[in-house]
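Per-entry structural report
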Protein chains: 2
Amino acid sequence: MAKNVGILATEIYFPPTCVQQEALEAHDGASKGKYTIGLGQDCMAFCTEVEDVISMSLTAVTSLLEKYKVDPKQIGRLEVGSETVIDKSKSIKTFLMQIFEKYGNTDIEGVDSTNACYGGTAALFNCVNWVESSSWDGRYGLVVCTDSAVYAEGPARPTGGAAAIAMLIGPDAPIAFESKFRGSHMSHVYDFYKPDLASEYPVVDGKLSQTCYLMALDTCYKYFCHKYEKSEGKQFSLSDADYIVFHSPYNKLVQKSFARLVFNDFTRNASSVDDITKEKLGPFSTLTGDESYQSRDLEKASQQVSKALYDAKVRPTTLIPKQVGNMYTASLYAAFVSLLHNKNSELAGKRVILFSYGSGLTSTMFSLRLHEGQHPFSLSNIATVMNVAGKLKSRHEFPPEKFVETMKLMEHRYGAKDFVTSKDCSLLSPGTYYLTEVDSMYRRFYAKKEGDCSACENGTVANGH
Amino acid sequence: MAKNVGILATEIYFPPTCVQQEALEAHDGASKGKYTIGLGQDCMAFCTEVEDVISMSLTAVTSLLEKYKVDPKQIGRLEVGSETVIDKSKSIKTFLMQIFEKYGNTDIEGVDSTNACYGGTAALFNCVNWVESSSWDGRYGLVVCTDSAVYAEGPARPTGGAAAIAMLIGPDAPIAFESKFRGSHMSHVYDFYKPDLASEYPVVDGKLSQTCYLMALDTCYKYFCHKYEKSEGKQFSLSDADYIVFHSPYNKLVQKSFARLVFNDFTRNASSVDDITKEKLGPFSTLTGDESYQSRDLEKASQQVSKALYDAKVRPTTLIPKQVGNMYTASLYAAFVSLLHNKNSELAGKRVILFSYGSGLTSTMFSLRLHEGQHPFSLSNIATVMNVAGKLKSRHEFPPEKFVETMKLMEHRYGAKDFVTSKDCSLLSPGTYYLTEVDSMYRRFYAKKEGDCSACENGTVANGH
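As the structure is a prediction and not an experimental result, all values here were calculated from the model.

Definitions and limits used
The residue numbers shown here count from 1 along each chain, following its written sequence. As they are written, the chains are lettered A onward and the ligands numbered 1 onward, keeping that order. The predicted nature of this model means local features are confined to residues of pLDDT at least 70 and side-chain atom pairs, given and counted, to a pLDDT of 80 or more, with totals for whole chains, interfaces and linings taken over all residues. Processing note: side-chain calculations cover all non-hydrogen atoms of the structure and skip hydrogens and water entirely. Helix and strand assignments come from DSSP, with helices taken as H or I runs of at least 4 residues and strands as E runs of at least 2, each series counted from the N terminus. What the globule rule says is 2.2 Å times the number of residues to the power 0.38, and the radius of gyration is computed from C-alpha atoms. Contact between two residues is taken to exist if any of their heavy atoms lie within 4.5 Å; hydrogens are not considered. Charge counting follows a simple rule: Lys and Arg are positive, Asp and Glu are negative, and His as well as the terminal groups are ignored. For this purpose, a charge sits on NZ of Lys, CZ of Arg, CG of Asp or CD of Glu. Pairing between strands is defined by DSSP: at least two bridges between them are needed. Helix axes use the C-alpha atoms of the stretch in contact, all axes being lines fitted to C-alpha atoms, and the angles between their N-to-C directions lie in the range 0 to 180 degrees. Burial classification: accessible surface area is computed with a 1.4 Å probe over protein chains only, and a residue below 20% of its type maximum counts as buried, one above 50% as exposed, and the rest as partly exposed. Basic side-chain nitrogens of Lys or Arg form a salt bridge, by our definition, when they fall within 4 Å of a carboxyl oxygen of Asp or Glu. For the purposes of these results, a polar contact is taken to be a pair of N or O atoms within 3.5 Å, where, inside protein, one atom must be able to donate a hydrogen and its partner to accept one; residues adjacent in sequence count only when each atom of the pair is a side-chain atom. Buried area: the accessible area, evaluated with a 1.4 Å probe, that two parts lose upon being put together, summed over both parts. Our superposition of the copies is a least-squares fit, built on the C-alpha atoms of residues whose pLDDT is at least 70 in both. Roughly parallel here means an angle under 35 degrees, roughly antiparallel means over 145, roughly perpendicular means 65 to 115, and every remaining angle is called oblique. By definition, any crossing whose near helix is turned counterclockwise from its far helix by less than a right angle is left-handed, and any crossing with a clockwise turn is right-handed. Note on residue categories: nonpolar means Ala, Val, Leu, Ile, Met, Phe, Trp, Tyr, Cys or Pro, charged means Asp, Glu, Lys or Arg, and polar means any other residue, Gly included.

We now examine the overall build of chain A. Helix and strand content of chain A: 16 helices and 19 strands. A globule of 465 residues ought to have a C-alpha radius of gyration of about 23 Å, and chain A, at 21 Å, matches this closely. Along the first, second and third principal axes, the C-alpha atoms of chain A reach 65 × 55 × 40 Å. Considering only intrachain contacts with a sequence separation of at least 6, the fraction spanning at least 24 residues in chain A is 74%. Separation of charge centres in chain A, based on 49 positive and 54 negative side chains, amounts to 3 Å.

For the rest of this paragraph, the subject is the sheet that holds strand E18 (residues 433-438) of chain B. Residues and elements named next belong to chain B. Taken together, three strands build an open sheet; the order of strands is E17-E18-E19 and the sheet is antiparallel. Bordering the open sheet on either side are strand E17 (419-420) and strand E19 (444-448), each of which pairs with just one other strand. As paired strands, E18 and E19 are joined by five bridges and run antiparallel to one another. Bridging from a neighbouring strand, Leu 435 pairs with Tyr 446 of E19. Along the sheet, helix H3 (residues 53-67) makes contact with E18 and E19, crossing E19 at roughly 40°.

Okay, the pairing of strand E2 (residues 17-20) of chain A next. Residue and element names in this part refer to chain A. Both E2 and strand E16 (residues 396-397) contribute to a ladder of two bridges, which runs parallel. The partner of Cys 18 across the bridge, within E16, is Glu 397. Taken together, the three bridges between E2 and strand E3 (residues 43-45) define a ladder with antiparallel strand orientation. Looking at E3, one finds that Val 19 is bridged to Met 44.

Here we come to the sheet that holds strand E16 (residues 396-397) of chain B. The sheet built from three strands is open, its strands ordered E3-E2-E16 (chain B) with mixed pairing. Each edge of the sheet is formed by a strand with only one pairing partner; in this case those strands are strand E3 (43-45) and E16 of chain B.

Take the side chain of Glu 25 of chain B next. All names here are of chain B. Secondary-structure assignment places Glu 25 in helix H1 (residues 21-28). One buried charge, Glu 25, has no salt-bridge partner; the nearest side chain with opposite charge is Lys 32, at 5.0 Å. Among the polar contacts made by the side chain of Glu 25, one reaches the main-chain amide nitrogen of Lys 34 at a distance of 3.3 Å.

Glancing now at the interface of chain A and chain B. Buried accessible area, meaning the area lost when the parts come together, often serves as the stated size of an interface. Listed by partner, the interface residues are 73 residues for chain A and 73 residues for chain B. Taken over both partners, the interface formed by chain A and chain B buries close to 6,200 Å², and the fraction arising from carbon and sulfur atoms is 51%. For the chain A face of the interface with chain B, the top three residues by lost area are Lys 88, Ser 89 and Leu 197 of chain A, together amounting to 13%. Remark: the boundary between chain A and chain B carries four salt bridges. The residue Asp 107 of chain B makes a salt bridge to Lys 227 of chain A at a minimum N-O spacing of 2.9 Å.

Moving on: the relation of the copies chain A and chain B. Note on the copies: chain A fits chain B at an RMSD of 0.0 Å, the axial shift is 0.0 Å, and the rotation between them is 180°. In short, the pair behaves as if placed about a two-fold rotation axis. The overlap is high: 100% of the interface residues of chain A also sit at the interface in chain B, so the same surface is used on both sides.

Residue and element names in this part refer to chain A. Two numbers describe how helix H6 (residues 206-232) lies on helix H7 (residues 251-267): the axes approach to 10 Å, and their chain directions differ by 40°. Between H6 and H7, the interaxial angle falls into the category oblique. Viewed along their axes, H6 and H7 form a crossing whose handedness is right-handed. For the pair H6 and H7, the contacting residues are Gln 210, Tyr 213, Leu 214, Leu 217, Asp 218 and Tyr 221 in the first and Leu 253, Lys 256, Ser 257, Arg 260, Leu 261, Asn 264 and Asp 265 in the second. In terms of residue class, the contact of H6 with H7 is made up of six nonpolar, three polar and four charged.

Below is the structure:
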């Protein structure tokens, strides 16, 4: 069986168009700090009429293949996680086949995986399992997470975002799975769903979804610890993880979630829990499960005692989710990419725990073990190639009015046919795909902005300034 | 690594409500034989307002667990293939979690896989790979294919159908994968797709879709043969397969497809091709690929020379697809189930080749090797448990007018909220789930028809007559 299977390389793409949360707060007449402190968000990316989940994934895949010099013929599996439905039958994966058909490679397994923000994790697990299975043919797998998160006007709107992430999968990876340590929790709930088929917007019960998220986190952590302890013969606690990466609909929930794990270690009586934590959380040890999800005092106390640990183990993962917003399936991996960006080679030898959550609900906590790896599939090269700082720096801030106007146009365009876009790609970097037309048969056409993609690596040539 | 991983058990459910194709022909004013001979179809099942893809899959999974006496706690992975979208974000898998949550089992990986009729195959491959991977925890996998195929009034309408199939996956299976023999062909085309999000009906280019299907078949067969020959050091031909199972949108395409494979063996100069075949197909050996897809003479000649082989290798797979119609993701597996029903224990030692096709497009040809197995996971018990003959016999024929009326109601209900159904389950067998209500928040509620499910195994008690 192939060994140390995992992620060899990653690429991230997010639209260059964004709106500042502080400006949006003011525009929406929300109280100051509601989005920036209340939600913990800084900025939000969004697709304009020339971008969508298909164009973003075309860009991310093409860029990954080019920048790591991977021959498209060497891809044997390609799968996509997304909850942004443009077609209910034809997968996004088939759109991506355009990249490979040019090279005569059509023997590529895999389709799209769907359950809210969890589809990318499902695709990732499937791809890793394929490499470990008897049907593996020795080629690379490719996993793509692509989503555009948009909400109707109202309190959920500032929790949008958009991005596509591509991950190359194979053996002897710098980012290897510790597959034996894994806990999942799946359940039938209606916390966030998309039953109104004609609308791009979800139906959301924000309060229920937050509780579901925290309950799923608790259960996954319980199973995860159980499996670790069964396999390793010793207790697991947060001290066994160097970094924890969370699915990040908004940063405040990530803060709460890490605090919740600390509370879990406290109630599990983990040896790593210090005396101050024991003292501060002691008063909450008699709460029932339900009470503990509702207690603001517990939330406050646990966040307080976990602050230093949060700064060390979680903060390095928060950059892109805070700057780009919720990216649904790409959200967890954008947090992981933030960690790669911030720490790159320092991560060699470290264990990273990830928590994936998709409403409805499906959730898994799993473990990765990192190594420096070999160029081009090394931690340092991955960080260089992705050029997160450059991509963030070269964005274009839209005033809230223009953002709202774009949302209105997009509502109108969702599910529509027989239109051409402005084809205005002036804000896009060279090498970016964009939507040009949807014909009378709903067929979608894309073009690629000319220019050398490698030229945008420093983030300044990208937009010509 | 787990050995002989594959299908341990299967269960099929299709609605008891159906319309005869001969009656539909007359009703539609089509020429006599257009649906029955032209399409090769006998009858078509459809969901009434109390059934949908969720209720059918609840029924199939519950029935499989009960009839094979599988403890719901022993399921470690559950995934669904479907192209019938009721919710764009919340997976059908999460609805099925209701079955397992009752038993305290929520640690079950897997979500939904999507690409037209191929989603079930993707789910099946994923599940088999999981059992062979390092993340397998020793429990069973469960794969569900569930779809309701409905078309707008017009020529495609008689190619509908509905069914759910559940398959239990694990090692030492009577139906084991030969994973090294596999050829896929994936491509970006618009032959059949569902871009009109508010409508349940697809956009279909029937002629293009048929050509895409045959081209995909050719390419998959080419890759399949290549891999077989590389691995086994000898040529593959149809004589190396005991049965061939095709995705079956309508039977006529299955007849054409098998003839096409015979034509492939002829052009490949396979040693198994007899002199009569060589003589009859000789005149077509100079056709270009494109010409060969359009040539009615080739179609006729190849069907003629392949008739005896079709009767031996394909006809035993056609019962359910002809009687129930196109079941999208379930279609290929309903054909395979027909073979299990017709041949059961005789299949021990046989090799079965399957061709899965999903428009858009994704396609794979793969190989299974069958063994009698151990009770309850034996070929003979699988055939007994599924009771295909009983299920077919106990159906209720609707006159075409009532079918059309049902379609109208279903159009109105698709994507709707805030309604209760008739809750009329008089036509359903005991143990069948049915839809009772969709509330003002689009939340769906189901009930299970009371009664002992085992009592309906002979197909007569089911509907009380």
